[in-house]
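# Structure assessment
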Amino acid sequence: MGWGPLIFLAMFLAFVIWAALYVRPQGGFGYVQEFPGVRFQPEPLLANPSECAAWEFLQRADLGQAHVFAKVRMEDVVSTRGPQVRRFIAHRSIKARSIDFVLTDSAFRPLVAVDIDGRPRRAGVAAAPDEFEDRMLSLAGVPLLRLPVGADWNQMLKEWRQSEKT
């Protein structure tokens, strides 16, 4: 057996990885396409009631020079580094995720990510997205403040500030 089958296999695998990363289904390379029978319309609200309440709370809170951003893409807060194929796989795992709020300093560097927990999470599958988010932010060195609905957010914010000072 010569090198021919191995080279063919390597080229085939490279093509499969390339296609999975760069080719969009039914649309080629980002070309505009029509979706027969599908209507596009604006969402009536960009935030649920809990997120609206948190936005109001964060706007009223004494945050110093911090800026509040809502519905921030995880990929805008956490970047990936490493070997190219692994980096692309890691990036795809964070690409569709978002963080409820991010507080930044005056240079727009993330200070803390804020996630609103609307309902208690069950163990297992339901808790997996939260655990993944916690891990990715922790690996990137971005603190995460979880604000459960119904909790005393003033006290939680005060405790976070104290922890930041130490």
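Before any of the text, the structure's been laid out above.
Here's a quick rundown of the structure. Residue positions are given per chain, counting from 1 as you read along its sequence in written order. Per-residue local features are limited, in this predicted model, to residues with pLDDT of at least 70; the limit for side-chain atom pairs, both in listing and counting, is 80 or more; totals at the level of whole chains, interfaces and linings are taken over all residues. Based on all heavy atoms of the structure, the side-chain values leave hydrogens and waters out of the count.

## Overview of the overall build of the protein chain
In terms of helices and strands, the protein chain carries 6 helices and 4 strands. The helix and strand sequence of the protein chain, counted from the amino end, reads α-α-β-α-α-β-β-α-β-α. Every residue pair with non-hydrogen atoms within 4.5 Å of one another is taken to be in contact. The contacts in the protein chain between residues at least 6 apart in sequence include a share of 61% that link residues at least 24 apart. Computed with the Shrake-Rupley method and a 1.4 Å probe, the accessible areas treat only the protein chains shown as cover for residues. Approximately 12,400 Å² of the protein chain is accessible, and the part contributed by carbon and sulfur atoms is 60%. Counting from the N terminus, the helices are the DSSP runs of H or I reaching at least four residues and the strands are the DSSP runs of E reaching at least two.

## As for the pattern of salt bridges
Pairs can form between side chains of opposite charge once their charged atoms are near each other. Every case where a carboxyl oxygen of Asp or Glu lies within 4 Å of a side-chain nitrogen of Lys or Arg is listed as a salt bridge. Within the structure shown, the criterion is met by 9 salt bridges. The salt bridge partner of E75 is R73, with a shortest N-O separation of 3.4 Å. Note that E133 is salt-bridged to R146, the shortest N-O span being 3.3 Å. Of this pair, E133 sits in helix α5 (residues 128-140) while R146 is found in strand β4 (residues 144-148), placing the two residues 13 residues apart along the sequence. Accessibility assignment for this pair places E133 and R146 in one class, buried. A single network of salt bridges, built from pairs that share partners, joins D115, D117, E133, D134 and R146. Here the term buried applies to any residue with accessible area under 20% of the maximum for its type, exposed to any over 50%, and partly exposed to those in between, with areas from a 1.4 Å probe on protein chains only.

## Side note on the environment of A66
For A66, the position within the fold is in the loop between α2 (49-60) and β1 (67-73). The spatial distance from the C-alpha of A66 to the C-alpha of D105 is 4.8 Å, given a sequence separation of 39 residues. Setting aside anything within four residues of it in sequence, one finds A66 in contact with T104 and L111.

## Some words on the sheet that holds β4
In space, the 4 strands of this open sheet follow the order β1-β2-β3-β4, with mixed pairing throughout. Each edge of the open sheet carries a strand with a single partner, namely β1 and β4. Neighbour-to-neighbour, the strand axes of this sheet turn through a mean angle of 30°, independent of strand direction. Pairing between strands is defined by DSSP: at least two bridges between them are needed. The pairing of strand β2 (residues 98-104) with strand β3 (residues 110-117) spans 4 bridges and is classified as antiparallel. Bridge pairing links V102 to A113 in β3. Packing of helix α6 (residues 153-165) onto the sheet brings it into contact with β3 and β4, and relative to β4 it is tilted by some 165°. For helices, the fitted axis covers only the stretch in contact; all axes are lines through C-alpha atoms, and the angles between them, taken along N-to-C directions, range from 0 to 180 degrees.

## Focus on the packing of aromatic side chains
Each aromatic pair joins two rings of Phe, Tyr and Trp (for Trp, the six-membered one) with centres within 6.5 Å, and gets the label stacked for planes under 30 degrees apart, edge-to-face for over 60, and tilted for any other angle. Counted under the stated rule, the structure contains 3 aromatic pairs. Residues F57 and W153 carry aromatic rings whose centres are separated by 5.6 Å and whose planes lie at 65° to one another, so their mutual orientation is edge-to-face. Taken as a pair, F57 in helix α2 and W153 in helix α6 lie far apart in primary sequence, 96 residues in all. A relative accessible area of 8% places F57 in the buried class. For W153, a relative accessible area of 12% gives the class buried. With a centroid separation of 5.9 Å and 65° between ring planes, the pair formed by F69 and F108 is classed as edge-to-face. Within this pair, whereas F69 is found in strand β1, its partner F108 is found in the loop between β2 and β3, the two being separated by 39 residues in sequence.

## Section: the pairing of β2
Each regular strand carries side chains that alternate between the two faces of the sheet. For β2, the buried fraction is high: 6 of the 7 residues fall into the buried class. In the sheet, β1 pairs with β2 via 6 bridges, with the strands oriented antiparallel. By the bridge assignment, R73 is partnered in β2 with S98. Remark: 5 residues form the turn of the hairpin made by β2 and β3, two consecutive strands paired antiparallel; F108 in that turn has positive phi of roughly 65°.

On their own, these measurements won't tell you what the molecule is for.
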